[in-house]
Amino acid sequence: MGRLRLPVLLLLVAFVTAAPFVAMVLVAFAPPGGQTLPGAFDLTRATWRNFSDVLDSADIGRWVVNSLVYSLVSVVLILLFASMAGYAFAKKRFPGREVMFWAFLATLMVPFQATLIPYYVLVSELGGVDTYWGLIVPTLANSQAVFLMRQFIVGLPDELFEAAKIDGASEWRIYTTVVLPLIRPVLATLGVFVFLWHWNDFLWPLVIGQSEEMRTLTVGLATLEGENVPVNQVMAGATITVLPCLLVFGLLQRYLTDSIATSGLKG
């Protein structure tokens, strides 16, 4: 019985975690008309009608494009800036480095809701409302990403950087040919997290994207609920939002396992 405790516990956790997603998919494929559980368990009546209805009744395509632009551009820029900052904080020596790093890290303790109004006022004054740059730029200073990058790069052997300097490599060449290849696992891991954070983000896109054309998928689905759209169509739209996340995770899963396997290795 002692050997069965852990598998049973893991199965229970897996069931509790997967149950809402399974229910969402079942309701999405249930016949139109607001049918939910337990009637949705009748798979013989499954239909694609809800997906076609929600695609016809709402500008899902535009919302998907907005979410992709918001998420993918943010991933690329955050990984670029965070890797540069992490390399500087980990391997470079300059006055005030530790104070600057911990001051930057202290911003993690400030809730986003406390800075929401200053962010909005600043972006609004600069003309960033209902624009992609107004949506993306305020999220680029990601202190958590910088912290993860710095902690990973600290473990890289100093001899690699000293050898590159002896060979006459510039700082940019060291960054592109030494640092980036070695941190690919953590880049993939952080890329998945950043993509999920932005893809599922709701509050900031709701505030800054005030027109229907600038709505992201999460904001657009929330407006469907307010328009008395049948729950089956709402669940169909929610199922669509999960697919890119599964795709990103599937493509980068190998790098995630590599990151776990190589964490803690030094020298």
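One numbering rule holds for all chains: residues counted from 1, following each sequence as written. Since the coordinates come from a predicted model, pLDDT governs what is reported: local features require at least 70, and pairs of side-chain atoms require 80 or more to be given and counted, while whole-chain, interface and lining totals use all residues. Hydrogen atoms and water are omitted, and side-chain values are computed over all heavy atoms in the structure.

**Describing the packing of helix H3 (residues 60-91) against helix H7 (residues 143-154)**
- As a packed pair, H3 and H7 sit with axes 7 Å apart at the nearest point and diverge in direction by 50 degrees. The orientation of H3 relative to H7 falls into the category oblique. The hand of the H3/H7 crossing is right-handed. Judged by residue contacts, Ile78, Leu79, Ala82, Ser83, Ala85, Gly86, Tyr87, Phe89, Ala90 and Lys91 of H3 engage Ala145, Val146, Met149, Arg150, Ile153 and Val154 from H7. Helix axes are fitted to C-alpha atoms over the stretch in contact, other axes to C-alpha atoms as well, and angles between N-to-C directions run from 0 to 180 degrees. Per the convention used, a helix needs a DSSP run of H or I reaching at least four residues, while a strand needs a run of E reaching at least two, with both numbered from the N terminus. Roughly parallel covers angles under 35 degrees, roughly antiparallel covers those over 145, roughly perpendicular covers 65 to 115, and oblique covers all other angles. A clockwise turn of the near helix away from the far one marks a right-handed crossing, whereas an anticlockwise turn of less than a right angle marks a left-handed crossing. Whether two residues touch is decided by their heavy atoms; if any such pair falls within 4.5 Å, the residues are in contact.

**Describing the packing of aromatic side chains**
- Paired rings are identified among Phe, Tyr and Trp, the last through its six-membered ring, by centres lying within 6.5 Å, and are further divided according to the angle between planes into stacked (under 30 degrees), edge-to-face (over 60) and tilted (the rest). All chains considered together, the criterion is met by 14 aromatic pairs.
- Between Tyr119 and Trp204, the aromatic rings sit 6.2 Å apart at their centres with planes inclined by 65 degrees, giving edge-to-face as the arrangement. Residue Tyr119 is found in helix H5 (residues 112-125), and its partner Trp204 is found in helix H11 (residues 203-208); the two are separated by 85 residues along the sequence.
- Grouping aromatic residues by their ring pairs yields a cluster made of Phe89, Phe94, Phe101, Trp102 and Phe147.

**A short note on the pattern of salt bridges**
- We count a salt bridge whenever a side-chain nitrogen from Lys or Arg sits within 4 Å of a carboxyl oxygen from Asp or Glu. Scanning all chains against the criterion turns up 5 salt bridges.
- Between Lys91 and Asp158 there is a salt bridge; the shortest N-O distance is 2.5 Å. Of this pair, Lys91 sits in helix H3 while Asp158 sits in helix H8 (residues 158-166), and the two are 67 residues apart along the sequence.
- When its relative accessible area of 41% is taken as the criterion, Asp158 is described as partly exposed.
- It is possible to trace a salt-bridge network through shared partners that takes in Arg97, Glu98 and Arg150. Summary of the burial criterion: residues with accessible area below 20% of their type's maximum are buried, those above 50% are exposed, and those between are partly exposed, where the area comes from a 1.4 Å probe applied to protein chains only.

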